[in-house]
Amino acid sequence: TRETLLRGFVAGFDLQGLPDPIIKLPTLLNERVIGTQSTIHGDLNVENILVGPGNFLWLIDFAQTRDGHTLFDFAHLEAEIIAHVLAPSLKQPVDILAILKPNSLHSLLSTLHGITSRCLFNPNQPREYQLALTLACLGALKFTNLNLTQKHVLYLAAAYWGSSL
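Residues numbered from 1 in each chain as written. Predicted model: local features only at pLDDT ≥ 70, side-chain atom pairs only at ≥ 80, totals over all residues. Heavy atoms only, no water.

(A) Geometry of the overall build of the protein chain. For the protein chain, the count of helices and strands is 7 helices and 4 strands. In sequence order, the secondary structure elements of the protein chain are arranged as α-α-β-β-β-β-α-α-α-α-α. For the protein chain, whose C-alpha radius of gyration is 16 Å, the value lies close to the compact-globule estimate of 15 Å for 165 residues. Along the first, second and third principal axes, the C-alpha atoms of the protein chain reach 45 × 35 × 35 Å. The burial tally for the protein chain puts 43% of its 165 residues in the buried class. Taking the intrachain contacts of the protein chain between residues at least 6 apart in sequence as the baseline, contacts between residues at least 24 apart amount to 71%. By element, 56% of the accessible surface of the protein chain is carried by carbon and sulfur atoms, the whole surface being about 9200 Å². Put simply, the protein chain has 11 plus and 13 minus side-chain charges, and the middle of one group is 5 Å from the middle of the other. (Helix = DSSP H or I, 4+ residues; strand = E, 2+ residues; numbered from the N terminus. Rg over C-alpha atoms; globule rule 2.2 N^0.38 Å. Buried < 20%, exposed > 50% of the residue type's maximum accessible area, 1.4 Å probe, protein only. Contact = heavy atoms within 4.5 Å. Areas by Shrake-Rupley, 256 points an atom, 1.4 Å probe, with all protein chains shown as cover. Lys, Arg positive; Asp, Glu negative; His and termini not counted. Charge placed at Lys NZ, Arg CZ, Asp CG, Glu CD.)

Structure (structure tokens):
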């Protein structure tokens, strides 16, 4: 089952007292979200963003472009940033929790959250994005190119975002 696979990916990881997001997963997956749809990239990750002369940005690889939830791409990009940009710089996985706090958000995540706040169906209700982040971090655990530290950091991030749901 999905839970069995996820439990295998996170076996032995300490959640630092946060609630286990895997327990809430069936409820989160069945939650109805009032949101908006738009054309999304479908595979927005750091490898599909190119920075060129003058710091112009280009997106590449539009093979998975489709209509979808507006925040889908941003949640997946944030999970990617957490795993591939932030996790390697941490002394220990638990350090991610200090970075995720609203007043301590890493500048890259803070910028991303600023963008996503303008895409929320209800700008006063961040639950829509927190749900997407929780699911994106749990979903990223399946990637075989992640080491144990990266998976632990993603699991902690999912627990952090999921604790407010």
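(B) Representation of the packing of aromatic side chains within the structure. Within this structure, the stated rule accounts for 3 aromatic pairs. Both rings, one in Phe 13 and one in Tyr 155, keep their centres 6.4 Å apart while their planes meet at 50°; by these two values the pair is tilted. Within this pair, whereas Phe 13 is found in the loop between helix H1 (2-10) and helix H2 (21-30), its partner Tyr 155 is found in helix H7 (residues 148-162), the two being separated by 142 residues in sequence. This pair shows no difference in class: Phe 13 is buried, exactly as Tyr 155 is. With a centroid separation of 6.4 Å and 55° between ring planes, the pair formed by Phe 56 and Trp 58 is classed as tilted. The exposure class of Phe 56 is exposed, given its relative accessible area of 54%. The ring of Phe 72 has Arg 66 lying over it, and the distance from NZ or CZ to the ring centre is 5.0 Å. (Phe/Tyr/Trp six-rings, centres within 6.5 Å; stacked < 30°, edge-to-face > 60°. Lys NZ or Arg CZ within 6 Å of the ring centre and 35° of its normal.)

(C) Layout of the packing of H1 against H2. The interhelical angle for the contact between H1 and H2, taken along N-to-C directions, is 140°, at an axis separation of 10 Å. Judged on the interaxial angle alone, H2 and H1 are oblique. As H1 runs across H2, the sense of the crossing is right-handed. Mapping the contact onto sequence places Arg 2, Glu 3, Leu 6, Arg 7 and Val 10 in H1 and Ile 22, Ile 23, Leu 25 and Leu 29 in H2. (Axes fitted to C-alpha atoms, helices over the stretch in contact; angles between N-to-C directions. Parallel < 35°, antiparallel > 145°, perpendicular 65-115°, else oblique. Left-handed = near helix turned anticlockwise from the far one by under 90°.)

Geometric values such as these leave the question of function open.
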